Amino acid sequence: MAHAISKTAGAHGGGGHHDEHHGHDHHDQESMKMFGFWLFLITDVILFGTLFATFVVLRFNTAAGPTPGELIELNGIIISTFILLTSSFTSGIAVLEMNRGNKRGLILWLAITALLGASFIALEVTEFIHLVHEGANIGTSAYWSAFFTLVGTHGLHVSVGLVWMVALMLQLSRRGITPVTKRKVGIISLYWHFLDVVWIFVFTIVYLMGVM
């Protein structure tokens, strides 16, 4: 009888140890995924650094074609900047709602962030169409090649972030706030803030310095 009890206790003890081990493995996986994201962000910093350096070198090479001062309308760019900076603020509120355990609030603020991001992309596409219509495309001169590559790469990153955000909202509505969805919200928020910082450099170097 005592032997049976000790066997049962052993089995229960083993189960607890297994659960603890499984939880530890899961935590390690989450840490590795977060580390992977930081590596991705570092490579992105290098990518944008290279594009900015290229733009600065080529900024006067307009090949007697249209110049940024003639074609770029700063008013629209200022509106775009305001929209993107606001979206960074709303993504921060989404994280606060997640930390409070408010699933509905989290999804709502992510949706607002995504709408602002989509508005930013719509304005950027409109600007590109205007520039091409006015005779400036990626092949017009070295300056416009550098301009479209840098601004377009940032726009592509924002578009990827939007798809990612919508997919995350669907996952949150199904699964709620779990350790996995928490990590994903944290990552998308960091990514979004990063894109905001990059845009401040784009706005300053490409638009303000370029046009003035």
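Throughout this document, residue positions are counted from 1 along each chain, in the order its sequence is written. Local features in a predicted model are, by the rule used here, given only for residues with pLDDT of at least 70; side-chain atom pairs are given and counted only at 80 or more, and totals for whole chains, interfaces and linings are based on all residues. To get the side-chain values, all heavy atoms of the structure are used, and hydrogens and water are removed first.

**Student:** I'm lost on helix α5 (residues 142-175) in this one. Help?
**Tutor:** Since the α-helix turns once every 3.6 residues, residues separated by three or four places project in the same direction. Numbered from the N terminus, helices here are DSSP runs of H or I no shorter than four residues, and strands are runs of E no shorter than two. Each helix should span, by expectation, one fewer than its residue count multiplied by 1.5 Å. Over its 34 residues, α5 runs 49 Å from end to end, which matches the ideal 50 Å to within 8%, given 1.5 Å per residue. Phi for G176, located one or two positions after α5, is positive at around 80°.

**Student:** Looking at this model, I keep getting lost on the nonpolar core. Mind explaining?
**Tutor:** Note on soluble globular proteins: their nonpolar side chains tend to be buried together. Throughout this description, the term nonpolar core refers to a set of buried Ala, Val, Leu, Ile, Met, Phe, Trp, Tyr and Cys residues connected via side-chain atoms within 4.5 Å. Three exposure classes are used, based on accessible area relative to the maximum for each residue type with a 1.4 Å probe and protein chains only: buried under 20%, partly exposed in between, and exposed over 50%. The biggest cluster of nonpolar side chains holds 51 residues, and the ones touching the most others in it are W144, F147, W199 and Y207. Every element with two or more residues in this core is listed here: α1 (2-58), α3 (74-99), α4 (103-133), α5 and α6 (179-211). The biggest single contributor to this core is α6, with 14 residues.

**Student:** Teacher, can you tell me more about the layout of surface pockets here?
**Tutor:** One simple way to see leftover space: roll a probe sized like a water molecule over the atoms. Lining residues are those with an atom within 4 Å of a point, where the points come from a 1 Å grid over the protein atoms alone and group into cavities, where a 1.4 Å probe fits but cannot get out, or pockets, open sets with protein on both sides within 12 Å along at least five of seven lines. Grid points are joined across faces, edges and corners, and a volume is the space filled by probe spheres set on the points. Looking at the largest pocket, its volume works out to about 220 Å³. Residue lining of the largest pocket: 13 residues in total, with E73, G76, I77, L123 and E127 positioned closest to the centre. Counting only elements with at least two residues in the lining of the largest pocket, the list comes to α3 and α4. In terms of residue count, α4 provides more of the lining of the largest pocket than any other element does, six residues in total. Only Asp, Glu, Lys and Arg are considered charged in this grouping, and only Ala, Val, Leu, Ile, Met, Phe, Trp, Tyr, Cys and Pro are considered nonpolar; every other residue, Gly among them, is considered polar. Tallied by class, the residues present in the lining of the largest pocket amount to six nonpolar, four polar and three charged.

**Student:** How should I be thinking about the environment of R100 in this particular structure?
**Tutor:** Along the polypeptide, R100 turns up in the loop between α3 and α4. You can call R100 exposed: its relative accessible area is 61%. At 2.8 Å, the side chain of R100 and the side chain of E97 are in polar contact. Between N or O atoms, a polar contact is any pair within 3.5 Å; within protein, one atom must be a potential hydrogen donor and the other a potential acceptor, and residues adjacent in sequence are included only when both atoms are from side chains.

**Student:** Would you explain a nonpolar patch on the surface in this entry?
**Tutor:** A cluster of nonpolar residues, M32, F35, L39, I42 and I46, forms a patch on the protein surface that exposes about 530 Å² of accessible area. The residue F35 is located in helix α1 in this model. According to the relative accessible area criterion, F35 is partly exposed, its value standing at 48%. Only residues whose relative accessible area exceeds 30% and that take part in no salt bridge are eligible for patches, with like-charged residues grouped when within 9 Å of each other and nonpolar side chains (Val, Leu, Ile, Met, Phe, Trp, Tyr) grouped when within 5 Å. All accessibility values rest on the Shrake-Rupley procedure with a 1.4 Å probe; residue burial counts only the protein chains present in the view. Definition used for salt bridges: Asp or Glu carboxyl oxygen within 4 Å of a side-chain nitrogen of Lys or Arg.

**Student:** Looking at this structure, I do not really get the pattern of salt bridges. What am I missing?
**Tutor:** It is possible for side chains bearing opposite charge to pair when their charged atoms get close. Counted according to the given criterion, the structure contains one salt bridge. E97 serves as the salt-bridge partner of R100, at 2.8 Å between the closest nitrogen and oxygen. The class of E97 is buried, set by a relative accessible area of 11%.

**Student:** Teacher, can you tell me more about α4 here?
**Tutor:** Compared with an ideal rise of 1.5 Å per residue, which puts 31 residues at 45 Å, α4 spans 45 Å between its outermost C-alpha atoms and is within 8% of the ideal. Among the residues of α4, the N-terminal cap falls to N102, whose side-chain oxygen and the backbone nitrogen of R104 are separated by 3.4 Å. With its phi angle positive at about 100°, G135 sits one or two positions after the end of α4.

**Student:** What is the right way to look at the environment of I72 in this model?
**Tutor:** Positionally, I72 belongs in the loop between α2 (68-71) and α3. With a relative accessible area of 8%, I72 lands in the buried category. Considered as a pair, I72 and Y207 are 135 residues apart in the sequence and their alpha carbons are 7.8 Å apart. Setting aside its immediate chain neighbours within four residues, I72 contacts I77, E127, L131, Y143, W144, F147, Y207 and V211. The criterion used for residue contact is that any of the two residues' heavy atoms lie within 4.5 Å.

**Student:** Before we go on, may I ask you to explain the side chain of S189 in this structure?
**Tutor:** Structurally, S189 is set in helix α6. Accessibility expressed as a relative area gives 7% for S189, which makes it buried. With residues near it in sequence (within four places) discarded, S189 still touches S91 and V95.

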